Amino acid sequence: MTGIVDLEQVNKFYGDYHALRNIDLSIAKGEKVVVCGPSGSGKSTMIRCINRLEEHDSGRIIVDGKELTDDESKIESVRREVGMVFQSFNLFPHMTVLQNLTLAPRLVHKKPRGEAEDAAMKYLTRVRIHDQANKYPSQLSGGQQQRVAIARALCMNPEVMLFDEPTSALDPEMISEVLDVMTDLAREGMTMICVTHEMGFARSVADRIVFMDNGEIIETSTPSDFFAAPRTERARTFLGQILAH
Amino acid sequence: MSFDFALIATSLPKILQGLGLTLNLLVVSTLLGLLLAVGILLMRLSRRAWLVWPAKAYIYFFRGTPLLVQLFIIYYGLPQFGLLRHSFLWPFLREPYWCSVLALSLNTAAYVSEILRGGVLGVDKGLIEAGKALGLTKFQRASRITAPLAVRLALPAYSNEIVSMLKSTALASTVTLMEMTGVARTIVADTFAPYEIFIAATIIYLVLVWIIQTAFTLVEGYANQYVRKG
């Protein structure tokens, strides 16, 4: 397997609880993968292992040729190539939008302030929020905050973007503005791994759908196959529940 | 018994002669205590048991015994050690001023390190994860994310500690220092009018506390302007 992200026989335990079971997944550069499944199925845990916010207990995780181990400097270098967007935005509340965006480029890439700010404004324009650059996160709506969080991750020029339920904390009317930005990003060729329940987004954007249950990958298929004819009973049940409304 | 308002008025300026020393003790001990507190905090937050346990023991000792007793141990107890009397520290430790500063600093450091630890524990874990995900080093996360937010969370409790410190400086009068309470006690010895004199001292302490509280309210309001809690 030689994708940009490779997981080989990854296992993860929380005490006695087996959170990830023999996960094999290879993601090619430019690929968009949507991970779905019932809550507690290990979706978030899996993508959080990719930038080592969680440590796996066995197996191998290789990101852009670098294997994740206890080596702190390697972990940091992987994190610099992998952007992440969280369910709860996690913007730094004591910094303005612009400061949120320039912090890591200035500290990690040692970019001069002006250069970092120019890049930040470019990304803020892309997520259609450049007029809020000098506001604080608490002055923005949830949808705006999440778009800032996406721009913040993009400022590091990541090779891969991880999305951990990016719309789950949003009011319904703000979901589409975030999904629109994610769709734009997909069109531009970004490698994306998204944990989400937004099946419309999955259908239109994903190259592959990974369905997880109970810490295992149960099914991997194209969106058209997955939605038209899920191969497993568990996937059928899940789709039945999620599409019922 | 007659109450002499004029005596309050005439003793106020005399007691104010001790104001400089009171403020001096407060500022010097608070700053030294804060430096020490940060060191103890880092030990306490460490994952290494040999750093954590001394910090815990320190905090337990200085929070668990009266400040007055700590002051007496330093002032009366330390000179018992011949070694100390011949060391370079002796010029300091034979001075009641430095004994008071030492006792106040050591004591407040224990409280402040716990106040700051409360702030650190209150910082949203998600923000630290965001810092990790951006590739920030441990030191960068601590200095740019954890510390500024922890300080904001700790401000209300820290203002309490400063007020408490102001009142604790009065204990320095027990080792002969002529700060405000020391001056007040001297005047009482001359006038035999403890009621009026200590009321005069009370007024000054209350004014100082009001200034401290107001200053902290302003700082808190400014620092937390955009930082929502929870």
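Residues numbered from 1 in each chain as written. Chains lettered and ligands numbered in written order. Predicted model: local features only at pLDDT ≥ 70, side-chain atom pairs only at ≥ 80, totals over all residues. Heavy atoms only, no water.

**Q** Quick question: what am I supposed to make of the packing of aromatic side chains here?
**A** Each aromatic ring pair is specified by the distance between its two centres and by the angle formed by the two planes. Scanning the model with the defined rule gives 13 aromatic pairs over all chains in all. Ring centres of Phe226(A) and Phe227(A) lie 5.5 Å apart, and the angle between their planes is 75°; this geometry places the pair in the edge-to-face category. An identical accessibility class is assigned to Phe226(A) and Phe227(A); each is buried. Between Tyr97(B) and Trp98(B) the ring centres are 5.0 Å apart and the planes differ by 80°, which places this aromatic pair in the edge-to-face class. The class of Tyr97(B) is buried, set by a relative accessible area of 17%. Overall, Trp98(B) belongs to the partly exposed group, its relative accessible area being 32%. A network of ring pairs unites the aromatic residues Phe211(A), Phe226(A), Phe227(A) and Phe238(A) as a single cluster. The ring of Tyr123(A) has Lys122(A) lying over it, and the distance from NZ or CZ to the ring centre is 4.9 Å. Seen from the ring of Trp53(B), Lys56(B) lies directly overhead, with NZ or CZ sitting 4.6 Å from the centre. (Phe/Tyr/Trp six-rings, centres within 6.5 Å; stacked < 30°, edge-to-face > 60°. Buried < 20%, exposed > 50% of the residue type's maximum accessible area, 1.4 Å probe, protein only. Lys NZ or Arg CZ within 6 Å of the ring centre and 35° of its normal.)

**Q** How should I be thinking about helix 2 (residues 19-45) of chain B in this particular structure?
**A** An α-helix turns once every 3.6 residues. As a result, residues three or four positions apart point the same way. Residues and elements named next belong to chain B. Helix length check: helix 2 (27 residues) gives 38 Å between terminal C-alpha atoms against 39 Å at 1.5 Å per residue, within 8%. Of all the positions in helix 2, only Thr 22, Leu 25, Leu 26, Ser 29, Thr 30, Gly 33, Ala 37, Ile 40, Leu 41 and Arg 44 are classed as buried. In this structure, the buried residues of helix 2 make contact with helix 3 (49-64), helix 7 (96-122), helix 9 (138-168), helix 10 (180-191) and helix 11 (194-223). (Helix = DSSP H or I, 4+ residues; strand = E, 2+ residues; numbered from the N terminus. Expected span 1.5 Å × (residues − 1). Contact = heavy atoms within 4.5 Å.)

**Q** Would you mind showing me how to read empty space enclosed by the protein here?
**A** If a probe the size of a water molecule is rolled over the atoms, the empty space left behind becomes visible. Taken as a whole and assessed by the stated rule, the structure comprises two cavities of 30 Å³ or more. Approximately 70 Å³ is the volume found for the largest cavity. If you list the elements that add at least two residues to the lining of the largest cavity, you get helix 2 (72-81), strand 6 (82-85) and helix 5 (142-154) of chain A together with helix 8 (125-133) of chain B. Grouping the amino acids of the lining of the largest cavity by side-chain chemistry returns nine nonpolar, one polar and three charged. Counted as a void, the second largest cavity has a volume near 50 Å³. As for the second largest cavity, its lining consists of Leu67(B), Leu71(B), Ser100(B), Ala103(B), Leu104(B), Ser168(B), Thr169(B), Leu171(B) and Ala172(B). If you tally residues by element for the lining of the second largest cavity, the top one is helix 7 of chain B, at three residues. For the lining of the second largest cavity, the per-class residue count stands at six nonpolar, three polar and no charged. (1 Å grid on protein atoms, 1.4 Å probe; cavity = no way out; pocket = protein on both sides within 12 Å on 5 of 7 lines; lining within 4 Å. Points joined across faces, edges and corners; volume = space filled by probe spheres on them. Nonpolar A, V, L, I, M, F, W, Y, C, P; charged D, E, K, R; others polar.)

**Q** It is not clear to me how the confidence of the model for chain B should be interpreted in this structure. Could you clarify?
**A** Detailed reading of the predicted coordinates is not advisable wherever pLDDT is low. Counting all residues, the mean pLDDT for chain B is 93, and 98% of those residues have values of 70 or more. Taken over the whole predicted complex, pTM reads 0.89, whereas the ipTM for its chain interfaces reads 0.94. (pLDDT = per-residue confidence, 0-100.)

**Q** Help me understand a nonpolar patch on the surface in this model?
**A** Taken together, Leu32(B), Leu35(B), Phe88(B), Leu89(B), Phe92(B) and Trp98(B) make up a surface patch of nonpolar side chains, about 630 Å² in accessible area. Here Leu89(B) lies in the loop between helix 5 (82-85) and helix 6 (90-93). (Patch = residues over 30% accessible without salt bridge, like charges linked within 9 Å, V, L, I, M, F, W, Y side chains within 5 Å. Areas by Shrake-Rupley, 256 points an atom, 1.4 Å probe, with all protein chains shown as cover. Salt bridge = Lys/Arg side-chain N within 4 Å of Asp/Glu carboxyl O.)

**Q** Would you take a moment to explain unusual backbone geometry for this structure?
**A** Residues apart from glycine generally show negative phi values, whereas peptide bonds are mostly found in trans. Residues and elements named next belong to chain A. Non-glycine residue Asn 22 carries a positive phi angle of around 45°. For Asn 22, the position within the fold is in strand 2 (residues 17-27). Overall, Asn 22 belongs to the partly exposed group, its relative accessible area being 43%. Even without a glycine there, the phi angle at Asp 64 is positive, about 50°. Here Asp 64 shows up in the loop between strand 4 (58-63) and strand 5 (66-67). Given a relative accessible area of 37%, Asp 64 falls into the partly exposed group.

**Q** What is the right way to look at the pairing of strand 9 (residues 208-213) of chain A in this model?
**A** Side-chain positions along a regular strand alternate between the two faces of the sheet. Residue and element names in this part refer to chain A. The buried fraction of strand 9 amounts to six of the six residues, a majority that puts the element mostly inside the structure. The alternating pattern of strand 9 places Arg 208, Val 210 and Met 212 and Ile 209, Phe 211 and Asp 213 on opposite faces, both of which are buried. Note: strand 3 (residues 32-36) against strand 9, four bridges, orientation parallel. Bridging across to strand 9, Val 34 finds its partner in Ile 209. The pairing of strand 9 with strand 10 (residues 216-221) spans five bridges and is classified as antiparallel. Among the inter-strand pairings, Met 212 is bridged to a residue of strand 10, identified as Ile 217. Between strand 9 and strand 10, which pair antiparallel and follow one another directly, the connecting turn spans two residues, one of which, Asn 214, has a positive phi of 60°. (Pairing = 2+ DSSP bridges.)

**Q** Honestly, the environment of Leu68(A) in this entry has me stumped. Any pointers?
**A** All names here are of chain A. Here Leu 68 shows up in the loop between strand 5 and helix 2. Residue classification places Leu 68 among the buried residues on the basis of a relative accessible area of 3%. A sequence separation of 121 residues divides Leu 68 from Gly 189, and the C-alpha atoms of the two residues are 25 Å apart. In contact with Leu 68, not counting residues within four places along its chain, are Cys 49, Ile 50, Arg 52, His 56, Ile 61, Val 63, Ile 75 and Val 78.

**Q** How should I be thinking about the sheet that holds strand 3 of chain A in this particular structure?
**A** Strand pairing in a sheet relies on backbone hydrogen bonds. The paired strands run either parallel or antiparallel. Residue and element names in this part refer to chain A. Here six strands make up an open sheet; going across it, the order is 6-7-8-3-9-10 and the pairing mixed. Both outer strands of the open sheet, strand 6 and strand 10, are each paired with one neighbouring strand and no more. Neighbour-to-neighbour, the strand axes of this sheet turn through a mean angle of 20°, independent of strand direction. Strands strand 6 and strand 7 (160-164) of the sheet are contacted by helix 5, whose axis makes an angle of about 170° with strand 6. Packing against the sheet, helix 9 (residues 233-243) makes contact with strand 3, strand 9 and strand 10, and its axis sits at approximately 100° to strand 9. (Axes fitted to C-alpha atoms, helices over the stretch in contact; angles between N-to-C directions.)

**Q** What is the right way to read the side chain of Thr181(B) from this model?
**A** Residues and elements named next belong to chain B. Residue placement: Thr 181 occurs in helix 10. Residue class for Thr 181 comes out buried when judged on its relative accessible area of 14%. Ignoring any residue separated from it by four or fewer positions in sequence, one finds Thr 181 in contact with Ala 170, Ser 173 and Tyr 205.

**Q** Would you mind showing me how to read the interface of chain A and chain B here?
**A** One frequent convention defines the size of an interface as the accessible area lost when the parts assemble. Across the boundary between the two partners, chain A contributes 26 residues, which contact 23 residues of chain B. When the two sides are added together, the surface that chain A and chain B hide from each other amounts to roughly 2200 Å², 64% of it contributed by carbon and sulfur. When the area that chain A buries against chain B is broken down by residue, the three leading residues are Arg79(A), His94(A) and Leu107(A), summing to 25%. Applying the counting rule to chain A against chain B returns one salt bridge. Here Arg48(A) ties to Glu129(B) by a salt bridge, and the two come within 2.5 Å at their closest N and O atoms. Counting every contact that joins chain A to chain B gives five residue pairs in polar contact (both at pLDDT 80 or more). Counting residues per element, the side of chain A that touches chain B draws most heavily on helix 3 (residues 97-108) of chain A, at four residues. (Buried area = accessible area lost by both parts, 1.4 Å probe. Polar contact = N/O pair within 3.5 Å; in protein donor to acceptor, adjacent residues only side chain to side chain.)

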